[in-house]
Amino acid sequence: MPDSLRSNIERAVADDRLLVSDHARRRLRERRILLWQVTSGLSEGKLQAERADARPHPAIEVEQVLPDGKPVKVIWSYDPGESEARLVTVHYLDR
């Protein structure tokens, strides 16, 4: 059975094969969220949607909880050609 999109993303993040989009960098900075806060909560996050046909790469939406208890929605994508996860964006759920 092939690995799931989520497991590929989790493995890439754990192996530090992660790119952060310019958009995500801006959103992290604006929201005062550090990258480690998002990456550390991925495996415990609740999968909200999987978009295997998303372009340019398949993506998942994950509801995560930051270490301070704030819930966020994080969009992750996966580049199978490079075996890399990509952080697309992050935002607070209550905003």
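For clarity, every value in this text was computed on a predicted model and none was experimentally measured. The residue numbering used here restarts from 1 in each chain and proceeds along that chain's sequence as written. For this predicted model, a pLDDT threshold of at least 70 governs which residues receive local features, and a threshold of 80 or more governs which side-chain atom pairs are given and counted, while totals over whole chains, interfaces and linings are taken from all residues. With hydrogens and water stripped out, all remaining heavy atoms of the structure feed into the side-chain values.

Trainee: Would you mind going over the sheet that holds strand β3 (residues 59-65) with me for this structure?
Mentor: Paired strands, as defined in this entry, are two strands with at least two bridges between them according to DSSP. Per the convention used, a helix needs a DSSP run of H or I reaching at least four residues, while a strand needs a run of E reaching at least two, with both numbered from the N terminus. In space, the 5 strands of this open sheet follow the order β1-β5-β4-β3-β2, with mixed pairing throughout. Since the sheet does not close on itself, it has two edges, and those belong to β1 (18-20) and β2 (46-51), each with one partner. Averaged over neighbouring strand pairs, the angle between their axes works out to 25° when direction is ignored. Here 3 bridges tie β1 to strand β5 (residues 84-92), and the two strands are oriented parallel to one another. Opposite Leu19, over in β5, you have Arg86 as the bridge partner. Packed onto the sheet, helix α1 (residues 5-14) meets β1, β2, β3, β4 (71-79) and β5 and runs at close to 90° relative to β4. Between two residues, a contact is recorded if the distance between any of their heavy atoms is within 4.5 Å. Note on method: axes are straight lines fitted to C-alpha atoms, helices fitted across the in-contact stretch only, with angles between N-to-C directions ranging 0 to 180 degrees. Across the sheet, helix α2 (residues 22-30) touches β1 and β5, and the angle it forms with β5 is around 40°.

Trainee: What's the story with the pattern of salt bridges in this structure? I'm lost.
Mentor: Pairing is possible between side chains of opposite charge, provided their charged atoms come close. We define a salt bridge as a contact between a side-chain nitrogen of Lys or Arg and a carboxyl oxygen of Asp or Glu at a distance within 4 Å. According to the stated counting rule, one finds 8 salt bridges in the structure shown. With a shortest N-O distance of 3.1 Å, Arg17 and Asp15 are connected by a salt bridge. The partly exposed category is assigned to Asp15, whose relative accessible area is 46%. The salt bridge partner of Lys73 is Glu61, with a shortest N-O separation of 3.2 Å. Taken together, the positions of Lys73 in strand β4 and Glu61 in strand β3 put the pair 12 residues apart, joining distant regions of the chain. Throughout this description, buried means an accessible area under 20% of the type-specific maximum (1.4 Å probe, protein chains only), exposed means over 50%, and partly exposed covers the range between. By relative accessible area, which is 14% here, Glu61 ends up buried.

Trainee: I keep staring at the pairing of β3 and nothing clicks. Help me out?
Mentor: The element β3 is extensively covered by neighbouring structure, given that 5 of its 7 residues are classed as buried. Here β3 folds back onto β4, and the loop between the two strands holds 5 residues, one of which, Gly69, carries a positive phi near 95°.

Trainee: I would appreciate a short explanation of the side chain of Asp79 in the present structure.
Mentor: Among the secondary structure elements, Asp79 is positioned in strand β4. Assessed through its relative accessible area of 9%, Asp79 is described here as buried. In contact with Asp79, other than residues within four places in its own chain, are His57, Glu84 and Arg86.

So, to be careful, I would describe these as geometric facts and stop short of saying anything about function.
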